[in-house]
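Observations on the model geometry
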Amino acid sequence: MGRSKGGAWRTRFGFYVVAIGSACGLGNLWRFPYVLGENGGGAFVLLYVLIAFILGAPLLIGELVLGKSLRESVIPATKTLEKKSQLPLRWAGRFAVLMSIVVLSYYSVIAGWVIHFIVQFALGLFSTKESIADGLSVLMGSGGLQWALTSVHLLIVLVVVGKGVQEGLERWISSIMPLFAILVSVLVYRSLSLPSTPDVLRFLFYPDFSKLTLQSLIHAVGHVLFTLSVGFGTLVTFGSYMRDEDHAPTAGFRVAVVDTLVSLGVGLLVFPIAFQASNTPLTDPGLLFEVLPKFLLEIPGGVIFGLVFFISLYLAALNASIGLFEAIVANFKSIGGRQQSRAAASWQAGGLVLILSLFPSLSSTVFRNWRGGLIENIDSFLVNWLLPISALGLLYAIIKGMGFKSLEENFVDRERPVSEVMFSHWVLLVKWVVPAIILTGLVLQVIGLFL
Ligand code: PFF
């Protein structure tokens, strides 16, 4: 567990596998395509990549360094920093964990939809467009079914996390990641052979800045934070499990690079299908579940393609949920200042998330008149408003609580001269660039509300 000084990963790759597995999730496969669609394509891709490196990576590194140096999860860590600095910092840790709980509650509902699609494809029930529409309306018409599927998903997550860091997380995600990588590569290859590819490449890589809106900056910030799992405190927990000899900043940077490449790769997977099917980019969160399956029926081998696509989507959702849940459990273990067992903390956290997930499960039934959809509203409020604030709060806690001197000691590795250069860049970014971008993004978003 986090307090073990030498770290808890079994191998050096343990950290990478779990951190990358948790980063590459529904955010890449479900969220990125429609956020990109909403924000006009190419110009947003550029903004996204830029923000990933000047804002996402530095924040990710900050969380890892905090976890590794204190060997604690985010709530106890911010408490320690508060005591040390005499500044009010512990709210940042609590806020981050609250965000994780809320995200997991709707993330699990979407994972439940994916399970439904896998079953439908596997049983051969999706054979005509009508049968797909029926399958979708059965799902959307039943809050009970959605909640039941959510429970199945949460139970799988709970079993894995209940087994512990090495036996559960590390072993399980290590065995899933190669499969996920192979499946996604096959799908990208198949997708790029569709005739719509030239249009897609133009859409994704030709920047038309007039398509950006006042909200685009914060949408890019929010999405980068979401996809890199920053601002939730998850990375503080992962950092606390790192081995002494591993260099957190380098590891963090690599995770950011891989996740960004996966997002771009996924664009090449989803957009050719979306363009081919409806001639429009995806601008609605539900389209992945609507446009994609219907279109797949029209291409040779489409049912297999669909099955493989939804299995990949599920594996991604599962890994990310496992990462989120692990961090929640790690924090729950030391709740109220007393230690409790992993099993007890897992059941408490699982129960809480399951109860909360009732609301998003009822999004398409009881709450169907909610303008814009309940899940979509929770997601956009959380990602575009609360998450940037949470990330800023954690950054403030890290800088003020640890101080640049102690940060430097934990950051710079004398055997790696490049780490000194990295540190000076990092300081510049976290001191000025990151807060400036987040605050500007939030202000532009507020202005956008009134225009
Ligand atoms: N990064 C994940 C995704 O893109 O789907 C979502 C996520 C996972 C957020 C784990 C936070 C987290 F701790």
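Residues numbered from 1 in each chain as written. Predicted model: local features only at pLDDT ≥ 70, side-chain atom pairs only at ≥ 80, totals over all residues. Heavy atoms only, no water.

Focus: the overall build of the protein chain
Rule in force here: Per the convention used, a helix needs a DSSP run of H or I reaching at least four residues, while a strand needs a run of E reaching at least two, with both numbered from the N terminus. Throughout, exposure labels follow a simple rule: accessible area from a 1.4 Å probe, protein chains only, divided by the maximum for the residue type, with under 20% read as buried, over 50% as exposed, and the rest as partly exposed. Here the Shrake-Rupley method, with its probe set to 1.4 Å, supplies the accessible areas, and only the displayed protein chains count as covering residues. As used throughout, the charge tally considers Lys and Arg to be positive and Asp and Glu to be negative, leaving His and the chain termini uncounted. The atoms used to mark charge sites are NZ of Lys, CZ of Arg, CG of Asp and CD of Glu.
Summing up its helical and strand segments, the protein chain has 17 helices and 0 strands in all. Overall size of the protein chain, expressed as C-alpha extent along the three principal axes, is 65 × 50 × 45 Å. Buried positions account for 58% of the 451 residues belonging to the protein chain. Roughly 17,500 Å² of accessible area belongs to the protein chain as shown, and the carbon and sulfur atoms make up 68% of that amount. Across the protein chain, 31 positive and 25 negative side-chain charges occur, with their mean positions spaced 7 Å apart.

Here's the deal with unusual backbone geometry
One non-glycine residue, Gln 86, lies in the positive phi region at around 60 degrees. Within the secondary structure, Gln 86 is located in the loop between α4 (74–85) and α5 (90–122).

Considerations on the side chain of Glu 82
Rules: For the purposes of these results, a polar contact is taken to be a pair of N or O atoms within 3.5 Å, where, inside protein, one atom must be able to donate a hydrogen and its partner to accept one; residues adjacent in sequence count only when each atom of the pair is a side-chain atom. Any two residues whose heavy atoms approach within 4.5 Å at even a single point are treated as in contact.
Here Glu 82 shows up in helix α4. Looking at Glu 82, its side chain comes within polar contact range of the main-chain nitrogen of Arg 90, at 2.8 Å. Once you skip the residues sitting within four places of it in the chain, Glu 82 turns out to touch Leu 87, Pro 88, Leu 89 and Arg 90.

Some points on the environment of Arg 90
If you trace the backbone, Arg 90 turns up in helix α5. Here the alpha-carbon distance between Arg 90 and Ser 364, two residues 274 residues apart in the chain, equals 37 Å. Ignoring any residue separated from it by four or fewer positions in sequence, one finds Arg 90 in contact with Thr 78, Lys 79 and Glu 82.

Topic: a nonpolar patch on the surface
The criterion, for reference: Grouping into patches uses exposed residues only, defined as over 30% relative accessible area, and leaves out salt-bridged ones; the cut-off is 9 Å for like charges and 5 Å for nonpolar side chains (Val, Leu, Ile, Met, Phe, Trp, Tyr). Basic side-chain nitrogens of Lys or Arg form a salt bridge, by our definition, when they fall within 4 Å of a carboxyl oxygen of Asp or Glu.
The grouping of Leu 214, Val 443, Ile 447 and Leu 451 at the surface amounts to a nonpolar patch, some 380 Å² of accessible area in total. Note on placement: Ile 447 falls in helix α17 (residues 418–450).

Observations regarding the packing of α5 against helix α13 (residues 287–296)
What counts here: The axes are straight lines fitted to the C-alpha atoms, using for helices just the contacting stretch, and the angles between their N-to-C directions are given from 0 to 180°. The labels follow the angle: roughly parallel below 35 degrees, roughly antiparallel above 145, roughly perpendicular from 65 to 115, and oblique for the rest. Crossings are classed by handedness, with left-handed meaning an anticlockwise turn of the near helix from the far one by less than a right angle and right-handed meaning a clockwise turn. When residue character is reported, Ala, Val, Leu, Ile, Met, Phe, Trp, Tyr, Cys and Pro are called nonpolar, Asp, Glu, Lys and Arg charged, and the others, Gly included, polar.
Relative to each other, α5 and α13 sit at 15 degrees, their axes nearing to 13 Å. Considering their axes alone, α5 and α13 lie roughly parallel with respect to each other. Between α5 and α13 lies a crossing whose hand is right-handed. Contacts between α5 and α13 involve Ile 110, Trp 113, Val 114, Phe 117 and Phe 121 from the former and Phe 289, Pro 293 and Leu 296 from the latter. Its residues assigned to classes, the contact of α5 with α13 shows 8 nonpolar, no polar and no charged.

Concerning the site of the ligand
Operational definition: Neighbouring residues are identified by heavy atoms, a residue being near a molecule or strand if any of them is within 4 Å of it.
Lining the immediate surroundings of the ligand are 14 residues, of which Gly 27, Tyr 107, Phe 226, Thr 227 and Thr 234 lie closest. Between an oxygen atom of the ligand and a main-chain N or O atom of Leu 26, the distance comes to 3.0 Å. Side-chain polar atom of Asn 28 to an oxygen atom of the ligand: 3.4 Å apart, as the coordinates give it. Counting residues per element, the ones that place at least two in the shell around the ligand are α1 (12–23), α2 (26–38), α10 (216–227) and α14 (302–333). Class assignment of the residues belonging to the shell around the ligand gives a composition of 7 nonpolar, 7 polar and no charged.

As for the confidence of the model for the protein chain
Let me state the cut-off plainly: Every residue carries a pLDDT, the predictor's confidence in it, which falls somewhere between 0 and 100.
Residue-level pLDDT values for the protein chain average 91, and 97% of them are 70 or greater. Note that residues 1–6 has pLDDT below 50 and, in this model, 16 contacts with residues that lie over four places away or in other chains.

Description of the environment of Val 230
Along the polypeptide, Val 230 turns up in the loop between α10 and α11 (234–240). Assessed through its relative accessible area of 1%, Val 230 is described here as buried. Sequence spacing of Val 230 and Leu 60 is 170 residues, and the spatial spacing of their C-alpha atoms is 5.7 Å. Filtering out sequence-adjacent residues up to four positions away, Val 230 remains in contact with Gly 56, Leu 59, Leu 60, Glu 63, Leu 225, Leu 235 and Leu 387.

A look at the packing of α2 against helix α16 (residues 374–411)
Contact geometry for α2 and α16: axes closest at 14 Å, N-to-C directions at 80 degrees. By the angle class used here, α2 and α16 are roughly perpendicular. Taking contact as the criterion, the partners of Trp 30, Arg 31 and Tyr 34 in α2 are, on α16, Asp 379, Val 383 and Asn 384.

Quick look at the nonpolar core
Rule in force here: Nine residue types can take part in a nonpolar core, namely buried Ala, Val, Leu, Ile, Met, Phe, Trp, Tyr and Cys, and a core is a set of them joined through side-chain atoms within 4.5 Å.
Phe 15, Phe 289, Phe 309 and Phe 310 are the most contacted members of the largest nonpolar core, which has 151 residues in total. The element that contributes the greatest number of residues to this core is α5, accounting for 18 residues. When residues no more than four places from it in sequence are discounted, the contact partners of Phe 15 are Trp 9, Leu 64, Phe 238, Met 242, Ala 251 and Val 255.

Focus on the pattern of salt bridges
Scanning the entire structure with this criterion turns up 13 salt bridges. Notably, a salt bridge pairs Asp 208 with Lys 211, separated by 3.6 Å at the nearest N-O pair. Using a relative accessible area of 26% as the deciding quantity, one classes Asp 208 as partly exposed. Lys 211 gets classed as partly exposed once you look at its relative accessible area, which sits at 44%. Overlapping salt bridges bring together Arg 10, Glu 167 and Arg 171 as one network.

A word on the packing of aromatic side chains
Note the following rule: In summary, the pairing rule links any two rings of Phe, Tyr or Trp, Trp by its six-membered ring, whose centres are within 6.5 Å, and it sorts them by plane angle into stacked for under 30 degrees, edge-to-face for over 60 and tilted for everything else.
A full pass over the atoms with the stated rule returns 26 aromatic pairs. Between Phe 271 and Phe 275 the ring centres are 6.3 Å apart and the planes differ by 80 degrees, which places this aromatic pair in the edge-to-face class. Residue Phe 271 and its partner Phe 275 are both found in helix α12 (residues 248–278); the two are separated by 4 residues, about one turn of the helix. The residues Phe 271 and Phe 275 share a single accessibility class, namely buried. Plain terms: the ring middles of Phe 289 and Phe 310 are 6.1 Å apart, the flat faces sit at 35 degrees to each other, and that makes the pair tilted.

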